[in-house]
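Residue-level structural notes
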Amino acid sequence: MTPRVTKGKCTYCNKIFSKSGMWKHLETCKERKKILEKKKGEKCFHILVDCGKIYWLHIGIPVTAKLKDLDNFLRDIWLECCGHLSAFRLGKNSYVSYPDDYTGYKDMEIKLSDLLTPGMVFTHEYDFGSTTELKLKVLSEYKGEVKGKSVKVMARNDPPEMICYQCDKKIAAVICSSCGPICEGCSKEHACGILLPVVNSPRTGICGYGG
Ligand SMILES: [Zn+2]
Ligand SMILES: [Zn+2]
Ligand SMILES: [Zn+2]
Ligand SMILES: [Zn+2]
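Given the structure is predicted, the values throughout are model-derived calculations rather than measurements. (Residues numbered from 1 in each chain as written. Chains lettered and ligands numbered in written order. Predicted model: local features only at pLDDT ≥ 70, side-chain atom pairs only at ≥ 80, totals over all residues. Heavy atoms only, no water.)

**Quick word on the overall build of the protein chain**
Applicable threshold: Secondary structure follows DSSP: runs of H or I at least 4 residues long count as helices, runs of E at least 2 residues long count as strands, and numbering of each begins at the N terminus. Note that the radius of gyration is over C-alpha atoms, with the globule rule given as 2.2 Å times the number of residues to the power 0.38. Each residue's exposure class comes from its accessible area (1.4 Å probe, protein chains only) as a fraction of the maximum for that residue type: buried when under 20%, exposed when over 50%, partly exposed otherwise. Should any heavy atoms of two residues lie within 4.5 Å, those residues are considered in contact. Note on areas: Shrake-Rupley with a 1.4 Å probe; residue coverage comes only from the protein chains shown.
Counting secondary structure elements, the protein chain contains four helices and 12 strands. Expected size for 211 residues packed as a compact globule is a radius of gyration near 17 Å; at 18 Å, the protein chain falls within 12% of this value. Classification of the 211 residues of the protein chain by burial places 47% in the buried group. Counting contacts in the protein chain only where the partners sit at least 6 residues apart, residues at least 24 apart contribute 57% of the total. Roughly 10900 Å² of accessible area belongs to the protein chain as shown, and the carbon and sulfur atoms make up 51% of that amount.

Here it is, written out as structure tokens:
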């Protein structure tokens, strides 16, 4: 049922690489180099966002963007189902999305450049009930093509193919939040719970996530 390690596509040249191979590739990708030379963006962090072996993103985000902007981006692309609380954890500090509910925690109104340097690893948690934890690593700092709060997705994992847990043959079309991935055919007789769509996100099949 669990899909294997996924590969992904470089959004500049469309070539396929593994998660770790992608970093090396992006550093030398000719198409990317052309764009970085042409576009006048701000200084950016290259961050690898990681959720297990399957889901990963290589992103570029201006160093002047705030944690809040990164949180919004992660919610948009992967996480948001019903506005749960989220937090970044960096060293001993936690930065939460609704600091009023948690005394002693910091908010997310802080610039990335005030916190991060290349080589740093930190985590992001979304939803403290059915938590999705992401690992983030700052790979480098470079002159990017985006400004302000914009985030550039440089590469993203290909959608994993999940096999139906019932027939163990066909590709799943939906996910039952209690049982697992189910194909179109088997889903017709499946009446135990809510069936959610299969989406390219670590929250597929969790809570009410519909992509
Ligand atoms: Zn490329
Ligand atoms: Zn939810
Ligand atoms: Zn099936
Ligand atoms: Zn079920």
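Next comes the rest of the account.
**Considering the environment of His124**
As a reminder, the rule being used: Residues adjacent in sequence count toward polar contacts only when both atoms are side-chain atoms; beyond that, a polar contact is any pair of N or O atoms within 3.5 Å, and within protein one must be able to donate a hydrogen and the other to accept it.
Relative to the helices and strands, His124 is located in strand β7 (residues 121-126). Overall, the relative accessible area of 0% leaves His124 in the buried class. Between the C-alpha atoms of His124 and Ser94, which are 30 residues apart in sequence, the distance is 9.5 Å. Setting aside anything within four residues of it in sequence, one finds His124 in contact with Asp71, Leu74, Leu79, Ser86, Ala87, Phe88, Thr132, Glu133, Leu134 and Leu136. Separated by 2.7 Å, the side chains of His124 and Asp71 make a polar contact.

**Details of the confidence of the model for the protein chain**
We apply this condition: What pLDDT conveys is the predictor's confidence in a given residue, as a value from 0 to 100.
Scored by pLDDT, the protein chain comes out at a mean of 92, with 97% of its residues at no less than 70. Of all secondary-structure elements in the protein chain, the lowest mean pLDDT belongs to strand β12 (residues 195-197), at 89, while β7 reaches the highest, 98.

**Examining the nonpolar core**
We count it as follows: Nonpolar cores were defined as sets of buried Ala, Val, Leu, Ile, Met, Phe, Trp, Tyr and Cys residues, with membership established by side-chain atoms within 4.5 Å. The split of the chain into domains comes from an automatic or database domain assignment.
Membership of the largest hydrophobic core comes to 34 residues, with the highest contact counts inside it found for Ile47, Val49, Leu70, Leu74 and Leu116. Of all the secondary structure elements, the ones that give two or more residues to this core are β3 (43-51), β4 (55-62), α3 (67-79), β5 (86-90), β7 and β8 (132-143). When residues of this core are assigned to their parent elements, the largest contribution, seven residues, is made by α3. Lining this core are residues from two domains, each supplying at least three of them: domain 1 (7-157) and domain 2 (161-211).

**Section: the coordination of the zinc ion (ligand 2)**
Angles between donor atoms at a metal ideally measure 109.5 degrees for a four-coordinate tetrahedral arrangement and either 90 or 180 degrees for a six-coordinate octahedral one. To be explicit about the condition: As a rule, N, O and S atoms within 2.8 Å of a metal are its donors, except that Na, K and Ca use 3.2 Å; water is not among the atoms, so sites may look incomplete. Site shape is set this way: if four donors have all angles between 85 and 135 degrees, tetrahedral; if opposite donors are over 155 degrees apart and all others between 65 and 115, square planar for four donors and octahedral for six; otherwise irregular.
Ligation of the zinc ion (ligand 2) by protein atoms is provided by Cys81 (SG), Cys82 (SG), His84 (NE2) and Cys207 (SG), these donors lying 2.1 to 2.3 Å from the ion. With four donor atoms in place around the zinc ion (ligand 2) and angles of 101 to 116° between them, the coordination shape is tetrahedral. Linear spacing of the donor residues for the zinc ion (ligand 2) on their chain is C-C-x1-H-x122-C.

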